[in-house]
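Analysis of the macromolecular model
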Amino acid sequence: MHSSQNREAMESGEEIEIADDNNEFSSVMGRKYSPVVAHDNDNSAVVEMTSVRPGSSSSSSLPNHDLKKVKVGVHPNMASDEREESLANHNTNGPQRESKLELFGFDSLVNILGLKSMTGDQIQAPSSPRDGEDVTLTFEQPKPTADKSGTLMGVFMPCLQNILGIIYYIRFTWIVGLAGIGESLLVVACCGSCTFLTTVSLSAIATNGAMKGGGPYYLIGRALGPEVGVSIGLCFFLGNAISGAIYVLGAVETFLNAVPSAGIFRETITRVNGTDIAEPITSPSLHDLQIYGIVVSILLCFVVFGGVKMINRVAPAFLVPVIFSLLCIFVGIFSARHDRPAVGITGLKLESFKNNWGSAYQMTNNAGIPDPNGKIYWDFNALVGLFFPAVTGIMAGSNRSASLKDTQRSIPVGTLAATLTTTGLYLVSVLLFGAVATRDKLLTDRLLTATVAWPFPAIVYVGIILSTLGAALQSLTGAPRLLAAIANDDILPVLNYFKVADGHEPHAATLFTVFICIGCVVIGNIDLVSPTSTMFYLVCYAGVNLSCFLLDLLDAPSWRPRWKFHHWSLSLVGALLCIVIMFLISWAFTIVSLALASLIYYYVSIKGKAGDWGDGFKSAYFQLALRSLRSLGANQVHPKNWYPIPLVFCRPWGKLPENVPCHPKLADFANCMKKKGRGMSIFVSIIDGDYHERAEDAKEACKQLSTYIDYKQCEGVAEIVVAPNMSEGFRGIVQTMGLGNLKPNIIVMRYPEIWRSENLTDIPATFVGIINDCIVANKAVVIVKGLDEWPNEYQRQYGTIDLYWIVRDGGLMLLLSQLLLTKDSFEGCKIQVFCIAEEDSDAEGLKADVKKFLYDLRMQAEVIVLTMKSWEAQGEQQESVEAFSGAQQRVASYLEVMKQQAQRDGTPLIADGKPVFVEEQQVEKFLYTTLKLNIMVQKYSRMAAVVLVSLPPPPLNHPATFYMEYMDLLVENIPRLLIVRGYHKDVVTLFT
């Protein structure tokens, strides 16, 4: 509707008027922008925007709101009369038409710019002109992009080329000879099932959104987090680099078998299983494999440096010899013994099939020839490790996601088709190879595929060499890009050397990959290198399966893959199968691989830069938190499960520097309330003002406070509340903060020692109001006096922690003292508990009862009982007497002022905006009581590291100023004091 109005306005040449709105795109340096609907045949649309006064406000409900004019350029192909009419309309100030959707605001409407921003496309912001100038934007038609591939050429063929490799050509018949047909089928089925289940998981993840560079690293990292993604991604990189060495060794071995005279150090085998043979077997020497392998690796490195784009273009051409050689092999199998009789080639015979059905595991030499004195023993597990690289390569399609027409369809269909095709080919090949030759031929002729090929072996030799070199080039080009993708994510600083800019070649990563490849080529034996590559591939495949398992099990709202044929149970089976295969191959290799991945994970978690990729672990934490919150319910928490959740007021009294959002010692004290750092603190600050005006200030303050909490290494969250005043803000916090049983249960704040300042006259009423609100809300209160002297973790304290346990508080004061002892600052202190007995005769009984109570609570403390007689007989120090006299005078002065005000107004006594009732004798009693307690604390706890005393509740109908006088007498001359008030819940228990 909005679009049709714009079109009508443009066709009529009128100016479109849209009310101002504060939005990200439409407000740039005080100017407003709106979309343009071009004519159907337009090649471009020109938008002219008049400048808008910065800071101007608008509202659709006001009649005099500011409007901006969007002038639409004239189509170049208009007729002359239409063009003149359009220009005339531009120059006339006709009646302005209001948008019917103006109420909704411009940027709330769906438009193409908004959709692009959702997909992550960067929209270039227009440059800001000088004030008073018009802005002209021209949206050109998109440039034609390069042709994209479909399912066949974009996914199926690359996967087929990567899966069909050297193992099939030069080791598969030998595997059939060792394992027999039956167990060879089991080997293929085991490896094929693993890759099939991994492909199903890969299809689900790949179709759950757009993919970027990095292949499996991108998938796993975004599903399991950067730590797991980097660790498994580096393992996959190593697997690719080692695969390059396998392909190089395979090409060199095939070449030396095809041209024996090219070998420098030739080896001739005349005995098999201790028996002389008629025809000696020529085998490539280890040194030949090493020398030629290093030379080929260096040549491939130069090719990669010189023509990566050409490699990608001609890569499909390497597949042609592979397919042609496969046809020649199968034609040769069916025509064997008919046109080319050979020793050991029986043709497709049932007798050969029966003889080769069982296994023949045995010792072999380095060349794979059976030898009782050989150094290598081959069994089912070892053959699984050797064969598994023949089923890898399923990630080739996902690595090319950027060049596919329809990623969501091509990756699952093409990858599954390639996996099923190759697995079917391997199963059929097992049956055919087992029936076409004798076991001795299968064990001694590793290039039996070339021997039986039609019309001559050279075709297969060429096919093997070309396919392996093509696969080696793919590995040497794909692995460096994977490493560069990991480095570009800027997770690990140590990988910064491998970073590359967009469009540039990863030369440093290529050199590192070639170095690893040459290191594996020096080993010179595919049979030893292949299991190592297998391990890294299996780690990666297990990661893909676990990623899909986690995402499928959590089933977050963002988990909507287009590939529907998946289930978390299949992914779990796939992950377990990967791990089982790893242990089948070699438990030592498995432990080394998993240890390497774990070390990388630990290193990333310690040294890496944190990043939120929306991974599945975060979703798991969220769901676990929700489930735990529901299981906790809203009932009272059992004392054994009680944890302190302090709500810390960051800056309630006075002012701190602007760059310090919280008193530094408050974070240290919050850490002292947790056992071994377990627990959560909520740091709260209240901003006075109107929420609509100060919402942005609150967001910025919350960011600063969160950063400061992290800097102080305190586990907690930051909350900023905007309220008309502190009292209203706290009242809202104490009622709404938290969920269920995860609400803050202790309010922590510093004692307002500056309350007598002239410009802070509202502190007493606010302070007393907060305490009363905590009592009503059943929250515990801890007030810290002497916060500036509170020790940090490096300042060791010696002496005692003294508790003046006057009223029942659910054991909170006892628990706080025990939590203090768990900190390095107070671990050298001892606890003293002071109790008051009514009569001297009750002292011993009270002491015994308290000791027994503390023993049952598993708390070690010295109990000191004071009697009322000793309380009354305490001498009064001069300083205390002066403080008491000063408090009396001030209270009398406050009371006289209130009485005079009441007489003038003809009203009862009023303080803090409400009526009060004061008995002077009661005031004297309160002052005297706090004085006596202060004298007792100074007498017995002069050397205490910290003193804890019960917080007296504010007396009803007493002015807040009077209560502050009582509190000042209580805390006088005590350097470090915690004033504690519990709540009607036990936080300690005697029972197990």
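Note that the structure is a prediction, hence the values are computed from the model and not measured. (Residues numbered from 1 in each chain as written. Predicted model: local features only at pLDDT ≥ 70, side-chain atom pairs only at ≥ 80, totals over all residues. Heavy atoms only, no water.)

Points about the overall build of the chain
Threshold: For the purposes of this entry, the term helix denotes a DSSP run of H or I that reaches at least four residues, the term strand denotes a run of E that reaches at least two, and both are numbered from the N terminus. Only protein chains enter the area calculation, which uses a 1.4 Å probe; residues under 20% of their type maximum are buried, those over 50% are exposed, and those in between are partly exposed. Any two residues having at least one pair of non-hydrogen atoms within 4.5 Å are treated as being in contact. The accessible surface values rely on the Shrake-Rupley method and a 1.4 Å probe; as for residues, cover is taken only from the protein chains in view.
Counting secondary structure elements, the chain contains 33 helices and 21 strands. Taking all 992 residues of the chain together, 51% fall into the buried category. Counted over contacts in the chain with a minimum sequence separation of 6, partners at least 24 positions apart contribute 80%. Only carbon and sulfur atoms are counted for the fraction: they give 57% of the accessible area of the chain, which is about 48,500 Å².

Description of the sheet that holds strand β13 (residues 746-750)
Short version of the rule: We treat two strands as partners when DSSP finds at least two bridges between them. The axes are straight lines fitted to the C-alpha atoms, using for helices just the contacting stretch, and the angles between their N-to-C directions are given from 0 to 180°.
Overall, mixed pairing links the ten strands, which are arranged β12-β11-β10-β13-β14-β21-β20-β15-β16-β17 in an open sheet. The open sheet has two free edges, formed respectively by β12 (716-723) and β17 (862-867), since each of these has just one partner strand. Sheet twist, expressed as the mean angle between neighbouring strand axes with direction ignored, is 20 degrees. The sheet contact formed by strand β10 (residues 646-649) and strand β11 (residues 681-688) spans three bridges and is parallel. Residue valine 648 lies in a different strand from β11, and its bridge partner there is phenylalanine 683. Sheet contacts for helix α26 (residues 726-736): β10, β11, β12 and β13; angle to β11, the most-contacted strand, approximately 145 degrees. Along the sheet face, helix α29 (residues 843-856) touches β16 (829-837) and β17 and points at about 150 degrees away from the line of β17.

Comments concerning the side chain of glutamine 832
Let me state the cut-off plainly: The term polar contact refers here to a pair of N or O atoms within 3.5 Å; inside protein, the definition further demands a hydrogen-donor-capable atom paired with an acceptor-capable atom, and it admits residues adjacent in sequence only when both atoms are side-chain atoms.
Turning to its location among the elements, glutamine 832 is positioned in strand β16. Judged by relative accessible area, which is 14%, glutamine 832 ranks as buried. A polar side-chain atom of glutamine 832 sits 2.9 Å from a polar atom in the side chain of aspartate 802. Residues in contact with glutamine 832, not counting those within four places in the same chain, are Thr800, Ile801, Asp802, Leu803, Glu862 and Ile864.

So, the packing of aromatic side chains
Threshold: Only centres within 6.5 Å qualify two rings of Phe, Tyr or Trp (six-membered ring in Trp) as a pair; their planes then separate them into stacked at under 30 degrees, edge-to-face at over 60, and tilted for everything else.
What the rule picks out here adds up to 27 aromatic pairs. Note on tyrosine 168 and tyrosine 426: the rings are 5.6 Å apart at their centroids and 35 degrees apart in plane angle, and the pair reads as tilted. Taken as a pair, tyrosine 168 in helix α5 (residues 166-170) and tyrosine 426 in helix α15 (residues 407-436) lie far apart in primary sequence, 258 residues in all. Between tyrosine 168 and phenylalanine 433, the ring centres sit 6.3 Å apart and the planes meet at 45 degrees, which makes this aromatic pair tilted.

Digging into the pairing of β11
Which entries qualify depends on this criterion: Handedness of a crossover is defined as follows: orient the strands so they point away from the viewer, and if the path from the first strand over the helix to the second runs clockwise, the crossover is right-handed.
Burial analysis of β11 places seven of its eight residues in the buried class, which makes it a mostly covered element. With eight bridges joining them, β11 and β12 adopt parallel strand pairing. Within β12, the position partnered with isoleucine 686 by the bridge is valine 721. Handedness of the crossover joining β11 and β12 through helix α25 (residues 691-711) is recorded here as right-handed.

A short note on the pairing of β10
Put simply, side chains in a regular strand alternate between the two faces of the sheet. Taking every second residue as pointing to the same face, both faces of β10 are buried, with Pro646 and Val648 on one and Leu647 and Phe649 on the other. Alignment of β10 against β13, held across three bridges, turns out to be parallel. Bridge pairing in β13 places proline 646 opposite isoleucine 746.

Structural notes on unusual backbone geometry
Omega for the peptide link from tryptophan 454 to proline 455 comes to 0 degrees, which places this bond in the cis form. You can see proline 455 is positioned in the loop between α17 (448-451) and α18 (458-488). Despite not being glycine, aspartate 490 shows a phi value in the positive range, around 60 degrees. Inspection of the secondary structure assignment puts aspartate 490 in the loop between α18 and α19 (507-521).

Points about the packing of helix α8 (residues 226-258) against helix α20 (residues 526-554)
Keep this limit in mind: Angle categories: roughly parallel below 35 degrees, roughly antiparallel above 145, roughly perpendicular from 65 to 115, and oblique for all the rest. The sense of a crossing depends on the near helix, which, turned anticlockwise from the far helix by less than a right angle, makes the crossing left-handed and, turned clockwise, makes it right-handed. Just so you know the grouping, Ala, Val, Leu, Ile, Met, Phe, Trp, Tyr, Cys and Pro go in nonpolar, Asp, Glu, Lys and Arg go in charged, and all remaining residues, Gly too, go in polar.
As a packed pair, α8 and α20 sit with axes 8 Å apart at the nearest point and diverge in direction by 150 degrees. Accordingly, the angle class assigned to the pair α8 and α20 is roughly antiparallel. Between α8 and α20 lies a crossing of left-handed hand. Contact residues: α8 offers Ile232, Cys235, Phe236, Leu238, Gly239, Asn240, Ile242, Ser243, Ile246, Leu249, Gly250 and Glu253, while α20 offers Ile526, Val529, Ser530, Thr532, Ser533, Phe536, Tyr537, Val539, Cys540 and Gly543. Each residue belonging to the contact of α8 with α20 can be placed in one class, and the counts come to 13 nonpolar, eight polar and one charged.

Here's the deal with helix α24 (residues 664-672)
Taking burial as the measure, the nine residues of α24 include seven buried ones, the bulk of the element. Inspection of α24 places Lys665, Leu666, Ala667, Asp668, Phe669, Ala670 and Cys672 among the buried residues, and these make up the whole buried set. On its buried face, α24 is in contact with β10, β11, β13, β14 (780-785), α28 (812-821) and β21 (977-981).

So, the state of the cysteines
Where we set the bar: For the purposes of this analysis, a disulfide is any pair of cysteine sulfur atoms at a distance within 2.5 Å.
By the definition in use, this model includes zero disulfides. No disulfide involves cysteine 578; its nearest neighbouring cysteine sulfur is the one of cysteine 194, lying 3.2 Å away. Just so you know, cysteine 714 is unpaired, no disulfide at all, and the nearest cysteine sulfur is the one on cysteine 662, 8.6 Å from it.

Quick look at helix α4 (residues 151-163)
Defined as follows: Bend is the name given here to the angle between axes fitted to two runs of seven residues, the run ending at a residue and the run starting at it.
Maximal helix bending in α4 amounts to about 25 degrees, located at methionine 157; proline proline 158 follows within four positions. For α4, the tally of buried residues reaches eleven of 13 residues, placing the bulk of the element in the interior. All of the buried residues in α4 are Thr151, Gly154, Val155, Phe156, Met157, Pro158, Cys159, Leu160, Gln161, Asn162 and Ile163.

Notes on the environment of serine 410
Note that serine 410 resides in helix α15. A residue is classified by how much of its surface remains accessible, and serine 410, at 3% relative accessible area, is buried. Sequence spacing of serine 410 and leucine 152 is 258 residues, and the spatial spacing of their C-alpha atoms is 8.1 Å. Those residues in contact with serine 410, other than ones at most four positions away along the chain, are Gly150, Thr151, Val155, Leu404 and Thr415.

Some remarks on the confidence of the model for the chain
Our working definition: pLDDT is defined as a per-residue confidence score from the predictor, taking values between 0 and 100.
In the predicted model, the chain carries a mean pLDDT of 77, and 77% of its residues have values of at least 70. When mean pLDDT is taken per element in the chain, helix α6 (residues 172-206) scores highest with 93 and strand β2 (residues 44-49) scores lowest with 38. Note on residues 1-143: pLDDT is under 50 here. Beyond four places in sequence and across chains, it has 177 contacts.

A closer look at the pattern of salt bridges
Keep this limit in mind: The term salt bridge refers to a side-chain nitrogen of Lys or Arg lying within 4 Å of a carboxyl oxygen of Asp or Glu.
For the structure shown, the criterion picks out 15 salt bridges. Among the salt bridges present, the one from aspartate 527 reaches arginine 446, with a minimum N-O distance of 3.0 Å. With aspartate 527 in helix α20 and arginine 446 in the loop between α16 (439-444) and α17, the pair connects residues that are 81 residues apart, well separated along the chain. With respect to burial, aspartate 527 and arginine 446 carry one shared label: buried. Close ionic contact of glutamate 965 with arginine 890 constitutes a salt bridge, the shortest N to O distance being 2.8 Å. Pair noted here: glutamate 965 is in helix α33 (residues 960-971) and arginine 890 is in helix α31 (residues 878-905), with a separation of 75 residues, a long-range link. One continuous salt-bridge network, built from bridges that share partners, spans Arg171, Glu253, Arg446 and Asp527.

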